[in-house]
Amino acid sequence: MRLAQVFWPLLCLTACSGPPAPDVAVCQDVITRLCASLSCPGVVETLSVGPADCAGTLRERTGCGTEAFAFVEPSRDRFLDCREPLLRQGTALNQLPACSDVQRALSDCPDMTTFFQGATP
Amino acid sequence: MKRVGVVLLGLSVGCASLDADRRVERGPALRTETREHTLGERVTFASVETSWPQLTLRFSTADICRTEQHTQYTETVVTQRRTTPAAAAVSTGGILTAVGGFLVIGRSLFSDKPNRDTLDEDGHYGASSRKVATGWGVGVLIVGVPALVTGIIQLATAKEERETRPADELTALREVPCQPAPAEGQVTLSGPLGPVVEPRATQQGQVTFSAHELQGREWTAVQLDAAPVLLMGEGQTRLELFRACLPWLTSTPDAQRLVEEARLVPERLRSLRQLIRGCSAIPGAPTGPWLQAMDAALETPSPGAGPTPQAPSPASPPPP
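Residues numbered from 1 in each chain as written. Chains lettered and ligands numbered in written order. Predicted model: local features only at pLDDT ≥ 70, side-chain atom pairs only at ≥ 80, totals over all residues. Heavy atoms only, no water.

Asks: Can you explain the state of the cysteines? Please cite residues and give values.
Replies: Residue and element names in this part refer to chain B. Inspection of the entire model under this criterion finds six disulfides over all chains. Sulfur-sulfur distance for the disulfide between C65 and C178 comes to 1.6 Å. Taking the sign of the S-S torsion, about 80° here, the bridge from C65 to C178 comes out right-handed. Of the two residues, C65 is situated in strand β3 (residues 54–81) and C178 in strand β6 (residues 160–182); the sequence distance between them amounts to 113 residues. With respect to burial, C65 and C178 carry one shared label: buried. One disulfide bridge connects C245 with C279, the sulfur atoms lying 1.8 Å from each other. Here C245 and C279 share a disulfide; its torsion about the S-S bond, -100°, makes the bridge left-handed. Remark: C279 occurs in the loop between α7 (266–278) and α8 (288–299) and C245 occurs in helix α5 (residues 235–249); sequence separation between them is 34 residues. The same class applies to C245 and to C279, which are both buried. (Disulfide = S-S within 2.5 Å. Helix = DSSP H or I, 4+ residues; strand = E, 2+ residues; numbered from the N terminus. Buried < 20%, exposed > 50% of the residue type's maximum accessible area, 1.4 Å probe, protein only.)

Asks: Provide a residue-level description of the environment of P286(B), including the pertinent values.
Replies: All names here are of chain B. Tracing the backbone shows P286 in the loop between α7 and α8. By relative accessible area, P286 is classed as partly exposed at 32%. As a C-alpha pair, P286 and I276 span 10 residues in sequence and 9.5 Å in three-dimensional space. Ignoring anything within four residues of it in the chain, the contact list for P286 reads W52 and L249. (Contact = heavy atoms within 4.5 Å.)

Asks: Let's hear about the sheet that holds strand β5 (residues 124–126) of chain B: which residues, and what values?
Replies: Strands in a sheet are paired, the pairing made by backbone hydrogen bonds, and the direction either parallel or antiparallel. Read from one edge to the other, the open sheet built from three strands follows the order β1(A)-β5(B)-β4(B), with strand pairing classed as antiparallel. The strands lining the two open edges of the sheet, one partner per strand, are β1 (17–20) of chain A together with β4 (115–119) of chain B. Between one strand axis and the next, the sheet turns through 50° on average, direction left out of account. (Pairing = 2+ DSSP bridges. Axes fitted to C-alpha atoms, helices over the stretch in contact; angles between N-to-C directions.)

Asks: Describe in detail helix α7 (residues 110–117) of chain A, supporting the description with residues and values.
Replies: Most of α7(A) is tucked away, with six of its eight residues classed as buried. Regarding α7(A), the residues found buried are D111(A), M112(A), T113(A), T114(A), F115(A) and F116(A).

Asks: Any chance you could break down the confidence of the model for chain B for me, citing the residues and the numbers?
Replies: Per-residue confidence for chain B averages 83 on the pLDDT scale, and 87% of its residues sit at or above 70. In this model residues 305–314 of chain B is a low-confidence stretch, pLDDT under 50, and it forms 12 contacts with partners more than four residues away in sequence or in other chains. (pLDDT = per-residue confidence, 0-100.)

Asks: Talk me through the pairing of strand β2 (residues 43–51) of chain B; I want residue IDs and the actual numbers.
Replies: Residue and element names in this part refer to chain B. Bridge count for β2 against β3 is nine bridges, and the pairing is antiparallel. Across the sheet, the residue bridging to A46 is F59, located in β3. Between β2 and the antiparallel strand that follows it, β3, lie two residues. Here β2 runs beside strand β13 (residues 230–231); their pairing, made up of two bridges, is parallel. Counterpart to A46 in the pairing with β13 is L231.

This is the structure:
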């Protein structure tokens, strides 16, 4: 009883969340995480981007640069599923993913990789 | 949700322990009272009378009368409830309730904008500061309110209760035979090998044995209708004395053997003289000839011969 009383606020804090973020925010969150992981083996080759303007290039390829962006293919749910490995280190924007998680996200989700390569899957 | 909160609060407060110390203080004695009653268990007794050469046993049955002395007094039951944890509970519960209440009531003071620095797996922003404050406030209230209520209840019940009531104590107990009645039956004198004389019927509750019929027989117990009999007063002592004196008083002293005994083992003769002298407690016991013979033997001058302990005792009573 006491234990539940003590941990209830913590459970609430971890379970409570804010409103759904727009698609553009979700897309740019992934772009931020991928571009911060360019030093990981194979990422540059897979995404075909350089370190100079990684985020700008990916936003331009995907259309994530405009506020009106909305997921079509892949869908928002699929994109969120593919994004999960990138959140293993934390959901805050300043927490970068591990290289193994980035490689796994790219290999497990070829549709997302294709999406960032600027081609229709 | 409101009902769930009430149930949780009730369970929390209901599970809190309210310890109490209870002690009894004895007051002054008011009065003493004596109660008598019989147990309804009749026991067979026997009294012993010796008058040489006869041993008379008088049998009777008696109930056991119990006399109880009771002291009545007042006693005060003092109940003290512990108050030690109450202050801590009120203090902790009060602080937590105040903090929780502030967070819940003053939640409008916090920003309602979602935390855009984090984006969870489902694509939601992080909770707003207002939501976080409300969550913490409710959590702290859940802990603080029961503690505060418990502490207040303990403080409210932290008093001393005194209850005075009459009490009774058994201070003395005495059990004595009472309501005697003569007992009739078959009397048996038994030894290790069984009865030593033929069972004899009582007449008007008594039976008499002569020294000569008991001479040379080893008997240790008296039974009435095969049931053991309790000997009253000095009955056991009189019976033992009669039995011990029986071998000597039913025989005549041999002066020559006593002189020989005095010459060989004078200490044993002196011990025997003490026994015979003790037999004088039996009314009519013929101890005179024995005492005179032993005194004469002990006064006979010794020729100076050394003692021979292995020699047979000349002062032993003759066989029956």
